[in-house]
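A structural walkthrough
This is what each chain is made of:
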Amino acid sequence: MKRKVNILREDIIPSLDAVLKLQGVPDDAEINPQVMESAKKALHYFSELARPQGVIADIDLADFEKIYNGIGLNVSPGPIEKIYPKASQLAVFAATIGPDIVKAISALFEKGDFALANHLDAAASTGTDLISHVLENQLKADLIRQGRANNETAVLAYSPGYCGWHISSQKQLFDFLQPGDIGITLRDSFLMEPLKSISGVLITGPANIHVFEAAYPFCAQCKSKTCGEKRLPKSK
Amino acid sequence: MELLDQISQSLQKGDDDKTAELTRQAIDQKIPVQQILDDGLIAGMTVIGMKFKVHEIFLPDVLLAARAMYAGMDLIKPLMIKESVATRGKVVLGTVHGDLHDIGKNLVAIMLKGSGFDVIDLGSDVSPEKFVDTAEAEQARVIGLSALLTTTMPVMKQVVDMIADRGLSDKIKVVIGGAPVNEKYASEIGADGYGFDGVKAVECVDQLMKRA
């Protein structure tokens, strides 16, 4: 069943470090005070302008297989095709931080406030990624409440365009999920609007199903490097 | 000249108000516009570019400096037009059809303008015809193409092919950039260059200008 999810703005406000890191500033760099001031201002704008919304829908294996396979452009073998058949539960999702931030970024570039514009863009991208963690946590909590998962269960999000899953599968995903009611639409190029949106599948199961060696051909080009066990909760 | 050096220094510090004030002083002192541009503003941005290249400073610092550069440029631009001061060449820039990601393209535009090039920014979701028609009409020597999606990358080849079909390959060079593309892809589609980041894009455009 498709349902809207409650995403709190404070749960997706990125850290200052994450915003700077996304712009190539290393952890140990000495930060110019003007840069710091501008980055803090961007985070303030983010907290004013972000309007997070999301939808999620449970999906059975056969239906997800159709979405995953899309029009047959996935790279095979790939990790996701080995992970999802082992899932105890699958759900597809789409979420956005809304159009206001995207408009604000453009306006700041137009105005010539380039550093602030780029900080805000980095904050928006990081915040959008954080939505998937919120959804992972919410789904896990729901499943635990329903007795369908326990603390050892891992829920991780995977998106078209990554890990060999071709972006063209967005079409099938959108046909199934219909996220237009929260303002997310898909272009012919499979680009989502608003730009700062995220979609994909939440795969639930034992943590070890998500573990894979990042040695696929596409891993060499991957810039996120946040796959598999790096995303799993650290065991205590 | 001390004043021009001060312009360069204030730009490097990202101080837009000071850069504008010093540029105004230079104009009042009748220092030739070309000299203010070359030995003040562009000199400052060149240092910024070199420091960025060796990771002494980072993108946010470059963008603060660029804002200062623009503050000075706004003052000398009317004089450049009046005195017909030549730019380093004209570049048509845009994100290809189907793609709305424009941050990378914006950063390249900022760096190119900051380095003295004349940039015609067509925005995002730009058709191959629009790129080539504009470059022809404006007599631009370089087209810069940006894409963030693997699904929109093929539009880059359409632009390269259209330039060839119109017999313009000697006059118009193409440089590409964006997350999914690389040097190898540029070579595969027949593009003339690849800009990994804003600084590399400027270097690449500079070389292509000399060849076009």
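Our structure's up above, just so we're on the same page.
Keep in mind the model is a prediction, meaning the values are calculated, not measured. For every chain, the first residue of its written sequence is number 1, and the numbers climb from 1 along that sequence. Here chains are named by letter from A upward and ligands by number from 1 upward, in the order in which they appear as written. Whole-chain, interface and lining totals are the exception, using all residues; otherwise, since this is a predicted model, local features are given only for residues with pLDDT of at least 70 and side-chain atom pairs are given and counted only at 80 or more. Based on all heavy atoms of the structure, the side-chain values leave hydrogens and waters out of the count.

Assigned secondary structure in chain A consists of seven helices and seven strands. What counts as a helix is a DSSP run of H or I of at least four residues, what counts as a strand is a run of E of at least two, and both are numbered from the N terminus. In sequence order, chain A lays out its α and β elements as β-α-α-β-α-α-β-α-α-β-α-β-β-β. Only the C-alpha atoms count toward the radius of gyration. The rule for a globule is 2.2 Å times the residue count to the power 0.38. Relative to the 2.2 N^0.38 estimate, which gives 18 Å for 236 residues, the radius of gyration of chain A is 18 Å and therefore close to what a compact globule would have. Dimensions of chain A, computed from C-alpha atoms along their principal axes, come out at roughly 50 × 40 × 40 Å. With 236 residues in all, chain A has 49% of them scored as buried. Contacts are residue-level and defined by heavy atoms, with any inter-residue pair within 4.5 Å sufficient. Across chain A, every contact between residues at least 6 apart in sequence was considered, and the portion connecting residues at least 24 apart equals 79%. Total accessible area computed for chain A in this model is approximately 11500 Å², and 52% of it derives from carbon and sulfur atoms. The convention is simple: Lys and Arg are positive, Asp and Glu are negative, and His and the chain ends are not counted. Lys charges are placed at NZ, Arg charges at CZ, Asp charges at CG and Glu charges at CD. Of the charged side chains in chain A, 25 are positive and 27 negative, and the gap between their average positions amounts to 2 Å. Residue burial is assigned from relative accessible area. The probe radius is 1.4 Å, only protein chains are included, and a residue is buried under 20% of its type maximum, exposed over 50%, and partly exposed in between. Only the protein chains shown count as cover for residues, and the accessible areas themselves come from Shrake-Rupley with a 1.4 Å probe.

Here we come to the interface of chain B and chain A. Between chain B and chain A, the contact holds 25 residues from the first and 26 residues from the second. Whenever a carboxyl oxygen of Asp or Glu lies within 4 Å of a side-chain nitrogen of Lys or Arg, that contact is scored as a salt bridge. The partner of Arg187(A) in a salt bridge is Asp125(B), and the shortest N-O contact between them spans 2.9 Å. Polar contact criterion, stated in full: a pair of N or O atoms within 3.5 Å, where within protein one must be able to donate a hydrogen and the other to accept it, and residues adjacent in sequence count only if both atoms are side-chain atoms. Run the count over chain B and chain A and you get five residue pairs in polar contact (both at pLDDT 80 or more). Among the elements of the structure, helix H4 (59–82) and helix H5 (103–114) of chain B are those that each provide at least two residues to the side of chain B that touches chain A.

Alignment of strand E1 (residues 2–5) of chain A against strand E2 (residues 53–58) of chain A, held across four bridges, turns out to be antiparallel. Counted as the bridge partner of Val5(A) is Gly54(A) from E2(A). Here, strands pair whenever DSSP counts at least two bridges between them.

The nonpolar side chains of a soluble globular protein tend to be buried, and buried together. Each nonpolar core is a collection of buried residues, namely Ala, Val, Leu, Ile, Met, Phe, Trp, Tyr and Cys, held together in the definition by side-chain atoms within 4.5 Å. Counting residues in hydrophobic clusters, the biggest one holds 93 residues, and the most contacted among them are Leu202(A), Ile76(B) and Leu112(B). The element contributing the most residues to this core is helix H6 (residues 114–145) of chain A, with 13 residues. Among all residues touching Ile76(B), those that are not within four sequence positions of it are Thr23(B), Ile27(B), Val33(B), Ile36(B), Leu37(B) and Leu41(B).

Take the sheet that holds strand E2 (residues 118–121) of chain B next. All names here are of chain B. Here we have five strands laid out as an open sheet, ordered E2-E1-E3-E4-E5, and parallel in their pairing. On the outer flanks of this sheet lie E2 and strand E5 (193–194), each paired with one strand and no other. As judged from the two bridges shared by strand E4 (residues 173–177) and E5, these two strands associate in the parallel manner. Directly across from Ile176, in E5, lies its bridge partner Tyr194. Contacting strand E1 (90–95), E2 and strand E3 (142–146), H5 crosses the sheet at an angle of about 165° to E1. Axis definition: a line fitted to C-alpha atoms, over the contacting stretch in the case of helices. Angles run 0 to 180 degrees between N-to-C directions. Helix H9 (residues 198–211) rests against E1, E3, E4 and E5 of the sheet, and its axis sits at about 170° to E4.

Residues and elements named next belong to chain A. What the five strands build is an open sheet, ordered E1-E2-E3-E7-E4; its pairing is antiparallel. Unpaired on one side and paired on the other, E1 and strand E4 (153–158) mark the two borders of the sheet. On average, each strand axis in the sheet is tilted by 25° relative to the strand beside it, whichever way the strands run. Strand direction decides the pairing type here: E2 and strand E3 (residues 89–96), joined by six bridges, are antiparallel. Looking at the pairing, Val55 lines up with Ala94 of E3.

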